[in-house]
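# Summary of structural features
What follows is each chain in one-letter form.
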Amino acid sequence: MTMIRSFLALILIAALFTGAVPARADKAPAIQAVIKRQIEAFRQGDAGAAFALASNNIREIFGTPEGFMAMVRQGYPVLLNPRRVAFMELIEDDGRTIQRALVEDAGGGLMMAVYPMQRLPDGTWRIDGCALVAVPSNPA
């Protein structure tokens, strides 16, 4: 029963992306490397490194690495030191490249992190936001 609930929760989350299609698989390693580097910067408390991996839009909104980190601490604490991050299929939705990942917190709770990505003219990738969606927990 627990496995069925988990499966149904993932189907519900997937329904959020009804117009989404798989992205070219060759983009995934570079995109996932950027997200991994940002999460590692969060773990290390390196605000400058984490901020540098955000898109220009995000950097303009928060202004400084310290402002950015304050926002992450307040709204995205699961990303500061996740127990585990499992990347899902990279998708294209309405012209945007989106990386989804299941993020497990220290207590075993799951969140779906949805990362819209931005490709710079030099071909590098930056994180252009993150939305967290709770994955319903299963009773023990």
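Here goes a summary of the coordinates provided.

Thresholds, definitions, all that
Residues numbered from 1 in each chain as written. Predicted model: local features only at pLDDT ≥ 70, side-chain atom pairs only at ≥ 80, totals over all residues. Heavy atoms only, no water. Buried < 20%, exposed > 50% of the residue type's maximum accessible area, 1.4 Å probe, protein only. Helix = DSSP H or I, 4+ residues; strand = E, 2+ residues; numbered from the N terminus. Arc of directions from axis to C-beta. Contact = heavy atoms within 4.5 Å. Salt bridge = Lys/Arg side-chain N within 4 Å of Asp/Glu carboxyl O. Pairing = 2+ DSSP bridges. Core = buried A, V, L, I, M, F, W, Y, C linked by side-chain atoms within 4.5 Å.

On to helix H5 (residues 65-75). Buried within H5 are the following residues: Phe68, Met69 and Val72. The arc enclosing the buried residues of H5, seen along the axis, measures out at 95°, which places them on a common side. Away from its buried face, by an angle of more than 90 degrees, H5 presents the exposed residues Glu66 and Gln74. On its buried side, H5 packs onto helix H2 (28-44), helix H3 (47-52) and helix H4 (56-62).

Attention now goes to the pattern of salt bridges. Taken as a whole and judged by the stated rule, the model has five salt bridges. Notably, a salt bridge pairs Arg43 with Glu40, separated by 3.6 Å at the nearest N-O pair. Taken as a pair, Arg43 and Glu40 lie in helix H2 at a separation of three residues, close to a single helical turn. Beyond isolated ion pairs, a larger network of salt bridges with shared partners links Arg83, Arg84 and Glu104.

Next up on the list: the pairing of strand S3 (residues 96-104). Of all nine residues in S3, eight are buried; the element is thus mostly enclosed. In this structure, strand S2 (residues 84-93) lies alongside S3, joined through eight bridges in antiparallel fashion. Paired with Ala86 across the strands is Leu102, a residue of S3. Linking S2 back to S3 in an antiparallel pair, the connection comprises two residues, with Asp94 at a positive phi of about 55°. By the bridge criterion, eight bridges tie S3 to strand S4 (residues 110-119) in an arrangement that is antiparallel. Following the sheet pairing, Leu102 is matched in S4 by Met112. Remark: five residues form the turn of the hairpin made by S3 and S4, two consecutive strands paired antiparallel; Gly108 in that turn has positive phi of roughly 95°.

Our focus in this paragraph is the nonpolar core. Membership of the largest hydrophobic core comes to 26 residues, with the highest contact counts inside it found for Ile35, Phe42, Phe68, Leu79, Tyr115 and Met117. Listing elements by their share of this core, those giving two or more residues are H2, H3, H5, S4 and strand S5 (125-127). Ranked by the residues each element gives to this core, the list is headed by H2, at seven residues. For Leu79, the residues in contact, after removing those within four places along its chain, are Ile39, Phe42, Val103, Tyr115 and Cys130.

These values are about where atoms sit, not about what they do.
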